[in-house]
Amino acid sequence: MRLTFRCPQCGRRYPPETRAWQCECGGAFQIEERPPFSPDTIDQRDNTLWRYRQMIPLPEGADPASLGEGFTPVIPLEVEPVGAVLAKLEFLSATGSYKDRGTTVLVSALANWGIDRVIEDSSGNAAASLAAYCARVRIPTRIFVPAYASGMKVSQVRAYGAELIPVDGPREKATEAAMDEVRRSHGYYASHALNPLGLEGIKTFAYELWEQLDGSVPKGIVFPTGHGTFLLGTYLGFQDLVKAGLSHDVPRLVAVQPERCAPLYHAHRSGADEIAAVGPSRETIAEGIRVTRPGRGRELLRAIRDTGGQVLTVTEEQILRSQSALAEQGLYVEPTSAAAVAGLDGLAPIDGTWVVPLTATGLKGAPSRSP
Ligand SMILES: *Cc1c(COP(=O)(O)O)cnc(C)c1O
Ligand SMILES: [Zn+2]
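Note that the structure is predicted; figures quoted are calculated from it, not measured. One numbering rule holds for all chains: residues counted from 1, following each sequence as written. All chains are assigned letters beginning at A, and all ligands numbers beginning at 1, according to the order in which they are written. Only residues with pLDDT of 70 or above have their local features reported here, since the model is predicted, and side-chain atom pairs are shown and tallied only from 80 upward, although totals for entire chains, interfaces and linings are computed over all residues. In computing side-chain properties, one takes all heavy atoms of the structure into account and sets aside hydrogens as well as water.

(A) Main features of the site of ligand 1. Within the structure, ligand 1 sits among 18 residues, and K99, N125, H227, G228 and T229 are positioned closest to it. Polar contacts, as used here, are pairs of N or O atoms within 3.5 Å; protein pairs need one atom able to donate a hydrogen and one able to accept it. Residues neighboring in sequence count only if both atoms are side-chain atoms. Here an oxygen atom of ligand 1 and a backbone polar atom of H227 are 2.8 Å apart. One of the backbone nitrogen or oxygen atoms of F230 is found 3.3 Å away from an oxygen atom of ligand 1. Only the protein chains shown count as cover for residues, and all accessible areas are computed by the Shrake-Rupley method using a 1.4 Å probe. For ligand 1, whose accessible area on its own is 380 Å², the fraction buried by protein is 97%. For the shell around ligand 1, the secondary-structure elements that each account for two or more residues are α7 (229-243) and α11 (335-344). Here a residue is considered near a molecule or strand provided that any single heavy atom belonging to it is located within 4 Å of it. In this description a helix means any DSSP run of H or I spanning at least four residues, a strand means any run of E spanning at least two, and both kinds are numbered starting from the N terminus.

(B) Fine view of the sheet that holds strand β3 (residues 30-31). Two strands pair if DSSP finds at least two bridges between them. The 3 strands are arranged β2-β1-β3 in an open sheet whose pairing can be described as antiparallel. For this open sheet the edge positions go to β2 (13-14) and β3, each flanked by a neighbour on one side alone. Note that strand β1 (residues 5-6) and β2 share 2 bridges and pair antiparallel. In the sheet register, R6 faces β2, and the bridge partner there is R13.

(C) Region of the structure containing the environment of S129. Note that S129 resides in helix α2 (residues 125-136). By relative accessible area, which is 0% here, S129 ends up buried. As a C-alpha pair, S129 and G96 span 33 residues in sequence and 8.4 Å in three-dimensional space. Here, residues are in contact when the closest pair of their heavy atoms is within 4.5 Å. Residues in contact with S129, not counting those within four places in the same chain, are T95, K99, D100 and T103. Relative accessibility thresholds used throughout: buried, under 20% of the residue-type maximum; exposed, over 50%; partly exposed, between the two (1.4 Å probe, protein chains only).

(D) Region of interest: the sheet that holds strand β5 (residues 83-88). Within the open sheet, the 6 strands sit side by side as β4-β5-β13-β10-β11-β12. Their pairing is mixed. Across the chains shown, the open sheet's two edge strands, defined by having one partner strand only, are β4 (74-79) and β12 (310-314). Averaged over all neighbouring strand pairs, the angle between strand axes comes to 30°, with direction disregarded. For β4 and β5, the ladder comprises 6 bridges, and the chain directions are antiparallel. Residue pairing across strands places L77 opposite V85, the latter belonging to β5. Across the sheet, helix α6 (residues 204-212) is in contact with β4, β5, β10 (220-224) and β13 (354-357); its angle to β5 comes to roughly 125°. Each axis is a line fitted through C-alpha atoms, and for a helix only the stretch in contact is used; angles between axes span 0 to 180 degrees, taken between their N-to-C directions.

(E) Molecular detail of the pairing of strand β8 (residues 163-167). Where strand β7 (residues 141-146) meets β8, 5 bridges bridge the pair, whose relative direction is parallel. Counterpart to R142 in the pairing with β8 is E163. On the question of chirality, the crossover connecting β7 to the parallel β8 by way of helix α3 (residues 152-159) is right-handed. A crossover counts as right-handed when, viewed with the strands pointing away from the observer, the path leading from the first strand over the helix to the second turns clockwise.

(F) Just the coordination of the zinc ion (ligand 2), in detail. Each metal's donors are the N, O and S atoms within 2.8 Å of it, or within 3.2 Å when it is Na, K or Ca, and because water is not part of the set, sites may look incomplete. Protein-derived coordination of the zinc ion (ligand 2) comes from C7 (SG), C10 (SG), C23 (SG) and C25 (SG), at a distance range of 2.3 Å. Tetrahedral means four donors with every angle between 85 and 135 degrees, whereas square planar (four donors) and octahedral (six donors) require angles over 155 degrees between opposite donors and between 65 and 115 for all others; sites fitting neither are termed irregular. Geometry at the zinc ion (ligand 2) is tetrahedral, judged from its 4 donor atoms and the angles of 103 to 118° they form at the metal. In primary-sequence terms, the residues that donate to the zinc ion (ligand 2) follow C-x2-C-x12-C-x1-C. In this pair, C7 sits in the loop between β1 and β2 while C23 sits in the loop between β2 and β3, placing the two residues 16 residues apart along the sequence. Accessibility expressed as a relative area gives 0% for C7, which makes it buried.

(G) Representation of the side chain of Q156 in the model. Note that Q156 resides in helix α3. The class of Q156 is buried, set by a relative accessible area of 13%. Separated by 2.9 Å, the side chains of Q156 and K364 make a polar contact. If we ignore the near neighbours within four places in the chain, the residues touching Q156 are T95, A128 and K364.

Here is the structure:
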């Protein structure tokens, strides 16, 4: 099976090592032929997501660039007033967030292609994850960050040896600077939001749940959602299970956004089939999901509708309260992750098994502040 990127909007095909980060028409790439879910090929001795190596599309001859990510534990969690749910501990990953699921697959491909310069424009968990995996395979990495960005995540990126380029102005300026650099230097723009290889790592979240729930799937899953790659990757994984005849349907996929930055919520509620960018977002403590324009809006809206999902918003106060409630049970996560738990409130009463991923550790501390 030859790895090919395809634009779902116009049908154009691209070689996967293309330096384009999206189709000329603006569409977000998908992978043309994806391997099916095949339970017989699971490597039971491998306690990382690479136990699904046979189901992860990579270029011929590529080796996994792994830091031991995936196959995270599932534990019961009591959420007032909703009741018992299952928490999947995604913060137990090399860089402290679920982003490692996608990054391990993407960087495995980059190493195989001999990419010698990787460019990104995040100052959060995506940058930390990318910098770590690129360090693992010794690919020089350049991260464009808003000049105001600071805090543990930026320190973490620097510690991995990535080059940090501060860019004055709002967040979007860092994105523009990164894209200019890609055009000028022929570097690879390793976008967490847009690269479809990341989704092939994230889909293993669904495979793992199926194994951990003894061959069944939960009733629903609640995600803190910014670009929506966690939700969409999981959707792909569950669709694979349905196609393989191993599950009747896909769980209800519920997205939670901060009230202060909720473009998906507004699009969903108005019945739109694309997400309109909301104006400059207001500051939120859920910094990991402060995204004004998700990269795969159409797909995201469709996934939520097709699974009978919902989009909920939460206030800053609700997020902080959930963060404390989790810590009181021994789970210290960042506010972004607590947002999903706060969102459960809006679902009460629930029936059946509901899962919430705890997406990142709280140990990285307070978010970096924009002016
Ligand atoms: C990136 C991130 C998310 C959201 O992921 P998307 O794919 O952008 O929806 C959620 N939680 C944390 C901690 C993150 O870093
Ligand atoms: Zn296109």
